[in-house]
Amino acid sequence: MGGWTIGVIGGSGLYEIDGLGDAEPVTVETPWGAPSDTLVRGTIGDVTLVFLPRHGKGHRLTPTDVPYRANIDALKRLGCSDVLSISACGSLKEQYAPGDFVMVDQFIDRTFARNKTFFGPGMVAHVSMAEPVCSRLSGLAGDAAASIGAAVHRGGTYLAMEGPQFSSRAESHLYRQWGCDVIGMTNMPEAKLAREAELPYATIAMVTDYDCWRDDSEAVSVSNVLEVIKNNTDKAKKTLLALVENLQGTTRTPSPQGIETCLDFAMITAPTARDPALLAKLDAVAGRVL
Ligand SMILES: CSC[C@H]1O[C@H](OP(=O)(O)O)[C@H](O)[C@@H]1O
Ligand SMILES: Nc1ncnc2[nH]cnc12
């Protein structure tokens, strides 16, 4: 039984988690630089959690400055089997109200100023992002959220914008026309990098506001986000504990999407054309196949 080591990336408002009796800080250096902060590792029963605050403690890092590659590499290096992101987001649809949780299953990536891949000259890989979320992890997290009384929406498209400024009204209306459900600034390239590292990824997008498309709501601002975030964060912490409780005594099996072996079909560079220096940097992310 066991085998679950869940990396938890805490977003705005979630800078630590509860319930880890044996919590220990772990400092990790990666070939991609330092992660956002010291990680915290601990266990509850037979489940291990590794927590990382995405913006660093004290919220020091903008969405653009988050070291996404170092964060995912560090979680992989510490032996995580799965990665659960917990994020604040704006709602692009009436039915997703502030306080609701959306179990995102698709992304549109509109970010443009971030490192989006571990690969590069001397080792080219193309992973599939057709199904960017692990349906099992997302389902389990959604069940846990529902069990603590959160309003949970299963499925939804998350528009990842660069930020750090919020959207204009014209942009917000455009994303609605595209059929997007929620908007945030951080889940890309995080989800892409998790996939390259063969880590099943899911996100709980916690709605804090209606962005700026709604005539009878105030446009999103840090103050109205902060008003909702405290309550969302309490629910997120309870959700995590419920998730871990539900996993007790279960044995982890491979993800239904075959994410743990996705690099088997992704790497195209001939062995003779590979760059040894890049291969060395890929030791944690792609060590299984290199
Ligand atoms: C403080 S509101 C904007 C901020 O919150 C979200 O971050 P995270 O996904 O880490 O919770 C959003 O993406 C922005 O970075
Ligand atoms: N409206 C919004 N746009 C982008 N990121 C957000 N995070 C929380 N609310 C947001």
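Residues numbered from 1 in each chain as written. Chains lettered and ligands numbered in written order. Predicted model: local features only at pLDDT ≥ 70, side-chain atom pairs only at ≥ 80, totals over all residues. Heavy atoms only, no water.

- You'll find the chain entered in an unreviewed UniProt entry as S-methyl-5'-thioadenosine phosphorylase, with Henriciella pelagia given as the organism.
- Recorded in UniProt under Pathway (unreviewed entry), the annotation for the chain is "Amino-acid biosynthesis; L-methionine biosynthesis via salvage pathway; S-methyl-5-thio-alpha-D-ribose 1-phosphate from S-methyl-5'-thioadenosine (phosphorylase route): step 1/1."
- Database annotation for the chain, UniProt heading Catalytic activity (unreviewed entry): "S-methyl-5'-thioadenosine + phosphate = 5-(methylsulfanyl)-alpha-D-ribose 1-phosphate + adenine". (UniProt positions renumbered as here; feature names shortened; annotations may be inferred.)

### Some words on the site of ligand 2
Thinking step 1. As a matter of local geometry, ligand 2 sits amid Ala88, Cys89, Gly90, Met161, Phe166, Ile183, Gly184, Met185, Thr208, Asp209, Asp211 and Val220.
Thinking step 2. With respect to ligand 2, the backbone of glycine 90 contributes an N or O atom lying 3.3 Å from a nitrogen atom.
Thinking step 3. At 2.8 Å from a nitrogen atom of ligand 2 is found a side-chain nitrogen or oxygen belonging to aspartate 211.
Thinking step 4. About the coverage of ligand 2: the protein hides 94% of its 260 Å² of free accessible area.
Thinking step 5. For the shell around ligand 2, the secondary structure elements donating two or more residues are β5 (82-91), β10 (182-184) and β11 (201-209).
Thinking step 6. If one sorts the elements of the shell around ligand 2 by residue count, β5 sits on top with three residues.
Thinking step 7. Looking at the shell around ligand 2, its residues break down into seven nonpolar, three polar and two charged. (Near = heavy atom within 4 Å. Polar contact = N/O pair within 3.5 Å; in protein donor to acceptor, adjacent residues only side chain to side chain. Areas by Shrake-Rupley, 256 points an atom, 1.4 Å probe, with all protein chains shown as cover. Helix = DSSP H or I, 4+ residues; strand = E, 2+ residues; numbered from the N terminus. Nonpolar A, V, L, I, M, F, W, Y, C, P; charged D, E, K, R; others polar.)

### Things to note about helix α4 (residues 187-196)
Thinking step 1. The buried fraction of α4 amounts to nine of the 10 residues, a majority that puts the element mostly inside the structure.
Thinking step 2. Listing the buried residues of α4 in full gives Asn187, Met188, Pro189, Glu190, Ala191, Leu193, Ala194, Arg195 and Glu196.
Thinking step 3. Glutamate 198 lies just past α4 and shows a positive phi near 60 degrees. (Buried < 20%, exposed > 50% of the residue type's maximum accessible area, 1.4 Å probe, protein only.)

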